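The residues making up each chain are set out below.
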Amino acid sequence: MPVHRPGSVRPRRLFRAGLLLAALSLALPFAVPASAADGPARGSAHMGMGVLAHDGRRGTPSPTAVTQTEGVDVSAHQGNVAWSTLWSSGVKWAYTKATEGTYYTNPYFAQQYNGSYNVGMIRGAYHFATPDTTSGATQANYFVDHGGGWSKDGKTLPGTLDIEWNPYGAECYGKSASAMVGWIADFLNTYKARTGRDAVIYTATSWWSDCTGNYAGFASAHPLWIARYASDAGTLPAGWGYYTMWQYTSSGPTVGDHDRFNGALDRVQALANG
């Protein structure tokens, strides 16, 4: 049996180990954590994010004989908003993202929600739904508890459920059409019980068709806010004969996504008053 003298084998082993460690150290800086590779961070979603990715980039509305009222929707993506500038440009109503799921509140909510009100706009709040995380009722309660409530002051619009493409995974959040309809109903019923108002539904026709089976049962009670970046709002989801609001671009002439209310300012006020 050969004699293993001190230092005769260990240096070779240490050398090989050193090469392995060096290789690992070179590889590690380029490794992407699974959470980052999966997509954007939770909480970063905003109204129209899915529309931008799936349906196009910008709309140029065709002239219409019907009086419409310009609005915007904002989120933390816009930071502190210059509301007086928007007011001077003709924007008369606004929605601010309040919450997402049950894990996120907009850190700019107070500046955006109160700032729009203070310059004279009629304002409201919206909730970005994540039906794969918690129930509709749980998210509706979280929304109301964190800025999504309503008061009859003539300047506060009912809350909006933003239900669209999942920015973090499967388009329909892993739900069947019937399960998605059930989740939405759970949210809407809870919101009505908490505030006395029927929430607005913000969606896109293609998503609604894919993920709810083009369900028509919410149209009689819930105003439709349609998202489509084109010259007109296009075909609406089943049940709705007209839209109340239309998000027509995510890259308007001023900050935020730009929208039109399907009526004059007094109709915006009527929706606010219930």
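As a reminder, the structure under discussion sits directly above these lines.
Rules and cut-offs
- Residues numbered from 1 in each chain as written.
- Predicted model: local features only at pLDDT ≥ 70, side-chain atom pairs only at ≥ 80, totals over all residues.
- Heavy atoms only, no water.
- Disulfide = S-S within 2.5 Å.
- Helix = DSSP H or I, 4+ residues; strand = E, 2+ residues; numbered from the N terminus.
- Buried < 20%, exposed > 50% of the residue type's maximum accessible area, 1.4 Å probe, protein only.
- Core = buried A, V, L, I, M, F, W, Y, C linked by side-chain atoms within 4.5 Å.
- Axes fitted to C-alpha atoms, helices over the stretch in contact; angles between N-to-C directions.
- Parallel < 35°, antiparallel > 145°, perpendicular 65-115°, else oblique.
- Contact = heavy atoms within 4.5 Å.
- Nonpolar A, V, L, I, M, F, W, Y, C, P; charged D, E, K, R; others polar.
- Phe/Tyr/Trp six-rings, centres within 6.5 Å; stacked < 30°, edge-to-face > 60°.
- Lys NZ or Arg CZ within 6 Å of the ring centre and 35° of its normal.
- Salt bridge = Lys/Arg side-chain N within 4 Å of Asp/Glu carboxyl O.

J.: In this structure, what is going on with the state of the cysteines? I would like to understand it.
T.: What makes a disulfide is a covalent bond joining the sulfur atoms belonging to two cysteines. Under the definition given, this model contains one disulfide. Cys 172 shares a disulfide with Cys 211; S-S distance 1.9 Å. Because the torsion about its S-S bond is -75°, the bridge between Cys 172 and Cys 211 counts as left-handed. Of this pair, Cys 172 sits in the loop between strand 5 (160-162) and helix 7 (177-195) while Cys 211 sits in helix 8 (residues 205-212), placing them 39 residues apart in sequence. Residue class for Cys 172 comes out buried when judged on its relative accessible area of 14%.

J.: What is the right way to read the nonpolar core from this model?
T.: In summary, soluble globular proteins display a tendency toward joint burial of nonpolar side chains. With 39 residues, the main nonpolar core has Ile 163 and Ile 184 as its most contacted residues. Contributions of two or more residues to this core are made by helix 5 (109-118), strand 4 (122-128), helix 6 (136-145), helix 7, helix 8, strand 7 (224-227) and strand 8 (245-249). When residues in this core are grouped by element, the largest group, seven residues, is from helix 7. If you look at the next biggest cluster of nonpolar residues, it comprises 16 residues, including Trp 93, Ala 227, Phe 261 and Leu 271.

J.: Just to check I follow, could you spell out the packing of helix 7 against helix 8 for this structure?
T.: For the pair helix 7 and helix 8, the least separation of the axes is 7 Å and the interaxial angle reads 110°. With respect to helix 8, the element helix 7 is oriented roughly perpendicular. Within the contact between the two elements, helix 7 uses Ala 177, Met 180, Val 181 and Ile 184 and helix 8 uses Trp 207, Trp 208, Cys 211 and Thr 212. Across the contact of helix 7 with helix 8, the residue classes break down as seven nonpolar, one polar and no charged.

J.: Looking at this model, I keep getting lost on the packing of aromatic side chains. Mind explaining?
T.: Two aromatic rings are characterised by how far apart their centres lie and by the angle between their planes. In the structure shown here, the tally under the stated rule is 15 aromatic pairs. Site record: aromatic cluster; members linked through ring pairs are Trp 93, Tyr 95, Tyr 202, Trp 225 and Phe 261. It is Lys 92 that lies over the ring of Trp 87; its NZ or CZ is 3.6 Å from the centre. When the ring centre of Trp 150 is taken as origin, the NZ or CZ atom of Arg 197, which lies over that ring, is 4.8 Å away.

J.: Please explain the pattern of salt bridges as it appears in this structure.
T.: Between side chains of opposite charge, a pair can form as their charged atoms come close. One pass over the full model with this rule turns up six salt bridges. A salt bridge links Glu 70 to Arg 260; its shortest N-O distance comes to 3.4 Å. One end of the pair, Glu 70, is in strand 1 (residues 69-74); the other, Arg 260, is in strand 9 (residues 257-261), with 190 residues separating them in the sequence. Classification of Glu 70 as buried rests on a relative accessible area of 18%. Taking relative accessible area as the criterion, Arg 260 reaches 22% and is therefore assigned partly exposed. Its salt-bridge partner being Lys 192, residue Asp 198 comes within 3.4 Å of it at the nearest N-O pair.

By themselves, these are just geometric observations and shouldn't be taken as functional.
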